[in-house]
Amino acid sequence: MLPSAATMTAHLDAVRRFIRDVPDFPKPGILFKDITPLLADPTAFTTVLDSISSHFAPRGVDKVLGVESRGFIFGAALAARMGAGFVPARKPGKLPAAVDRVSYSLEYGSDSLEMHKNSFAPDERVLVVDDVIATGGTASAAVALARTQGANVVGIAFVIELAFLKGRTRLPDDVEVFSLLTY
């Protein structure tokens, strides 16, 4: 049984305490939001999973697409909790069989995501999961990747949203975006 709304709000406030700020990582001037303390606390981790799964359960998710690498942690746990399959979206060259690939631009360059071909059947209901949304490029690419196989992306879930980077503006308007914590 899931906790009440008031209890969940209190738990989310507590979860925020497990997000550690690491200055100048991965480069000078960046304040990195580190989720490893959250993962180490079973109550905080469970609260995150409960919040996301209860939000998206009514949408009938068939598969969860977890974005490398921290999206794997949350995505796999959510898939198991929601009775859904799990599909990893990986950086190029990491998957052993034939893949679909989507390239996307970053602030200083470009990158790509890959997923095994035939990971989704047409119209399967997919939830995309990652730990953080910053500029939105990776999440947008993950949605495009799922759609290349005919999937119906029913939502994108993040633990943390860095709202000042306006990443939501890069995401498709027809997909619900859900973030637990906003900075």
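Coordinates for the structure precede this section.
Side note on the overall build of the protein
When its secondary structure is counted, the protein shows five helices and nine strands. For the protein, the succession of helices and strands along the chain, N to C, is α-β-β-α-α-β-α-β-β-β-β-α-β-β. Rg of the C-alpha trace for the protein: 16 Å, near the compact-globule value of 16 Å for 183 residues, within the 12% margin. Counting only C-alpha atoms and orienting by the principal axes, one finds that the protein spans roughly 45 × 45 × 30 Å. Residues classed as buried in the protein amount to 45% of the 183 residues present.

Considering the packing of helix α3 (residues 42-56) against helix α4 (residues 70-82)
Contact geometry for α3 and α4: axes closest at 10 Å, N-to-C directions at 60°. One element, α3, and the other, α4, form an angle in the oblique class. Along this stretch, α3 crosses α4, giving a crossing that reads as right-handed. Here α3 contributes Phe 45, Thr 46, Val 48, Leu 49, Asp 50, Ile 52, Ser 53 and Phe 56 to the contact with α4, which in turn contributes Ile 73, Phe 74, Ala 77, Leu 78, Arg 81 and Met 82. A breakdown of the residues in the contact of α3 with α4 according to their chemical character gives 10 nonpolar, two polar and two charged.

Overview of the side chain of Ser 179
Locating Ser 179 in the fold gives a position in strand β9 (residues 177-182). A polar contact of 2.9 Å, which involves the side chain of Ser 179, links it to the side chain of Glu 161. Beyond its immediate sequence surroundings of up to four residues, Ser 179 is in contact with Ile 133, Phe 158, Glu 161 and Arg 168.

Brief notes about the packing of aromatic side chains
Applying the stated rule across the entire model yields four aromatic pairs. For the ring pair Phe 25 and Phe 32, a centre distance of 5.1 Å and an interplane angle of 80° mean the geometry is edge-to-face. Among the residues examined, Phe 25 registers a relative accessible area of 43% and is labelled partly exposed. Judged by centre distance (6.2 Å) and plane angle (85°), the ring pair of Phe 72 and Phe 86 falls under edge-to-face. One end of the pair, Phe 72, is in helix α4; the other, Phe 86, is in strand β4 (residues 85-89), and 14 residues separate them in sequence. A cation over a ring is seen here: Arg 16 above Tyr 183, with NZ or CZ 5.1 Å from the ring centre.

Parameters at a glance
- Residues numbered from 1 in each chain as written.
- Predicted model: local features only at pLDDT ≥ 70, side-chain atom pairs only at ≥ 80, totals over all residues.
- Heavy atoms only, no water.
- Helix = DSSP H or I, 4+ residues; strand = E, 2+ residues; numbered from the N terminus.
- Rg over C-alpha atoms; globule rule 2.2 N^0.38 Å.
- Buried < 20%, exposed > 50% of the residue type's maximum accessible area, 1.4 Å probe, protein only.
- Axes fitted to C-alpha atoms, helices over the stretch in contact; angles between N-to-C directions.
- Parallel < 35°, antiparallel > 145°, perpendicular 65-115°, else oblique.
- Left-handed = near helix turned anticlockwise from the far one by under 90°.
- Contact = heavy atoms within 4.5 Å.
- Nonpolar A, V, L, I, M, F, W, Y, C, P; charged D, E, K, R; others polar.
- Polar contact = N/O pair within 3.5 Å; in protein donor to acceptor, adjacent residues only side chain to side chain.
- Phe/Tyr/Trp six-rings, centres within 6.5 Å; stacked < 30°, edge-to-face > 60°.
- Lys NZ or Arg CZ within 6 Å of the ring centre and 35° of its normal.

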